[in-house]
Amino acid sequence: MRTANRVASLLLGTALLVGGAVTAVQAVLLTLHRPTPLDTSGWFDAVSGTRWHDPAVRTVAGGALLLGLALLAAQLRRWTPVRLRADERDGWYLHRRCVERRLADAASAVPGVRRARARLRRHDGQWRPRVRASGDPAARAEIEFAVHKELHRLTAPRPARVDVRLLPRRRPA
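Residues numbered from 1 in each chain as written. Predicted model: local features only at pLDDT ≥ 70, side-chain atom pairs only at ≥ 80, totals over all residues. Heavy atoms only, no water.

Colleague: Before we go on, may I ask you to explain the overall build of the protein chain in this structure?
Modeller: Broken down by element type, the protein chain carries five helices and five strands. Compactness check: the protein chain gives a C-alpha radius of gyration of 29 Å against a globular reference of 16 Å for 173 residues, more than 25% above the reference. Along the first, second and third principal axes, the C-alpha set of the protein chain runs to 85 × 50 × 30 Å. Classification of the 173 residues of the protein chain by burial places 21% in the buried group. Taking the intrachain contacts of the protein chain between residues at least 6 apart in sequence as the baseline, contacts between residues at least 24 apart amount to 48%. Carbon and sulfur atoms make up 61% of the accessible area of the protein chain, which totals about 13400 Å². A gap of 5 Å separates the mean positions of the 32 positive and 14 negative side-chain charges of the protein chain. (Helix = DSSP H or I, 4+ residues; strand = E, 2+ residues; numbered from the N terminus. Rg over C-alpha atoms; globule rule 2.2 N^0.38 Å. Buried < 20%, exposed > 50% of the residue type's maximum accessible area, 1.4 Å probe, protein only. Contact = heavy atoms within 4.5 Å. Areas by Shrake-Rupley, 256 points an atom, 1.4 Å probe, with all protein chains shown as cover. Lys, Arg positive; Asp, Glu negative; His and termini not counted. Charge placed at Lys NZ, Arg CZ, Asp CG, Glu CD.)

As structure tokens, this is what we get:
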């Protein structure tokens, strides 16, 4: 959402800058009794003749309300962090995707495991790795050990537990 926020901020900032500049130029020219680039008489008549009960006004107001609520909800939603703090004392960060790939590779290296995927979330200040793999269900303890070992190698905080979900291998038809 970071890119979408930047684009939306850029568009909003540009619109406000252009609108403010046009308003300032218009005000200065009106003060100096010079002809203005925008004809305000037609615009003023249209706006002052419009009533709240007109369908166009209600449609535009409803659309603006829905857009504002959608933007507010997008800003208030907690997004998955890109970086995770490796250690509270030294200030090092690790990229979440890189750690997820390393955990998935560590789980895939366990004999009898294929196609492992790892997700890493932060909950109450602790990392919560979730590993999903297909393979032998008896390999669960080995997968947990491999994930703990990889996290130790990365000097990551030791999680309380590792969620492992093993799906049995599909047999070819």
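Structure shown, so let's carry the discussion forward.
Colleague: What should I look at first to understand the pairing of strand β4 (residues 126-135) in this one?
Modeller: Each regular strand shows side chains that alternate between the opposite faces of the sheet. Here nine bridges tie strand β3 (residues 113-123) to β4, and the two strands are oriented antiparallel to one another. By the bridge assignment, Arg114 is partnered in β4 with Ser134. Summarising the sheet, β4 and strand β5 (residues 163-167) pair through five bridges and their orientation is parallel. Looking at the pairing, Val131 lines up with Val164 of β5. (Pairing = 2+ DSSP bridges.)

Colleague: Mind showing me how you'd approach the side chain of Glu150 here?
Modeller: With respect to the helices and strands, Glu150 occurs in helix α5 (residues 140-153). Among the residues examined, Glu150 registers a relative accessible area of 6% and is labelled buried. Once you skip the residues sitting within four places of it in the chain, Glu150 turns out to touch Arg102, Leu103 and Ala106.

Colleague: I keep staring at the environment of Asp39 and nothing clicks. Help me out?
Modeller: Mapping Asp39 onto the fold places it in the loop between α1 (2-31) and α2 (40-48). Separated by 115 residues in the primary sequence, Asp39 and Leu154 have C-alpha atoms spaced 65 Å apart.

Colleague: Is there a simple way to think about the environment of Thr36 in this case?
Modeller: When you line up the elements, Thr36 lands in the loop between α1 and α2. For Thr36, a relative accessible area of 25% puts it in the partly exposed group. In the structure, Thr36 is positioned 47 residues away from Arg83 in sequence and 52 Å away in space, judged by C-alpha atoms.

Colleague: Sorry if this is basic, but what is going on with the pattern of salt bridges here?
Modeller: Note on pairing: side chains with opposite charge can pair once their charged atoms come close. This structure, assessed with the given rule, holds six salt bridges. For Glu100, the salt bridge is made with Arg96, and the minimal N-O distance between the two is 2.9 Å. On the criterion of helical spacing, the pair formed by Glu100 and Arg96 is a turn pair, its members being four residues apart in helix α4 (residues 96-108). Here the two residues Glu100 and Arg96 agree in accessibility, since each one is buried. For Asp163, the salt bridge goes to Arg128, with nearest N and O atoms at 3.9 Å. Pair noted here: Asp163 is in strand β5 and Arg128 is in strand β4, with a separation of 35 residues, a long-range link. Given a relative accessible area of 24%, Arg128 falls into the partly exposed group. (Salt bridge = Lys/Arg side-chain N within 4 Å of Asp/Glu carboxyl O.)

Colleague: Explain the sheet that holds β3 to me, please; I cannot follow it from the model alone.
Modeller: Where strands meet in a sheet, backbone hydrogen bonds hold them as pairs that are either parallel or antiparallel. With mixed pairing, the three strands of this open sheet are ordered in space as β3-β4-β5. In this open sheet, the two edge strands, each paired with only one partner strand, are β3 and β5. Going from strand to strand, the sheet's axes swing by 15° on average, the running direction of each strand aside. Each of β3 and β4 is contacted by α4, which is oriented at about 145° to β3, the strand it contacts most. Here α5 sits on the sheet in contact with β3, β4 and β5, set at roughly 135° to β5. (Axes fitted to C-alpha atoms, helices over the stretch in contact; angles between N-to-C directions.)

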